[in-house]
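What follows is each chain in one-letter form.
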Amino acid sequence: MNDVHQRGLQDFRAQPTWREDRSRGGECLLAVTSSPACFGRSVVVESLLQAGTPLPLDPRVEEYLANGGVFRFMCGHKPCGDSPF
């Protein structure tokens, strides 16, 4: 993931503005926070809400986290808009 991050930053620095084909540098970094690009496949985008109501964690996930020493789990707002940079 660190390599993807570094390559994305290099790509963004090389091409921070939009190209004629509506792409630009660093798009992989934008995709990490994009629900359509990552929904169901990313802890960055995944939501614990269904119709605005919090869902409980799967008991297997709770057990896995507790066994790994995680006792508090917090989530917040993911950035949105044209660019999270």
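Check the entry above for the structure.
A few points on the structure. These numbers were taken from a predicted model, which means no experiment stands behind them. (Residues numbered from 1 in each chain as written. Predicted model: local features only at pLDDT ≥ 70, side-chain atom pairs only at ≥ 80, totals over all residues. Heavy atoms only, no water.)

## Some thoughts on the side chain of Ser 23
Turning to its location among the elements, Ser 23 is positioned in the loop between helix 1 (2-14) and helix 2 (27-32). Side-chain polar atoms of Ser 23 contact the side chain of Asp 21, separated by 2.5 Å. Sequence-distant contacts of Ser 23, defined by excluding residues within four places in its chain, comprise Thr 17 and Trp 18. (Helix = DSSP H or I, 4+ residues; strand = E, 2+ residues; numbered from the N terminus. Polar contact = N/O pair within 3.5 Å; in protein donor to acceptor, adjacent residues only side chain to side chain. Contact = heavy atoms within 4.5 Å.)

## Section: the pattern of salt bridges
Taken as a whole and judged by the stated rule, the model has 1 salt bridge. With its nearest N and O atoms 2.7 Å apart, the salt bridge here joins Arg 60 to Asp 58. Look at Arg 60 and you get exposed, because its relative accessible area is 64%. The partly exposed category is assigned to Asp 58, whose relative accessible area is 30%. (Salt bridge = Lys/Arg side-chain N within 4 Å of Asp/Glu carboxyl O. Buried < 20%, exposed > 50% of the residue type's maximum accessible area, 1.4 Å probe, protein only.)

Purely geometric stuff here, so don't read any function into it on its own.
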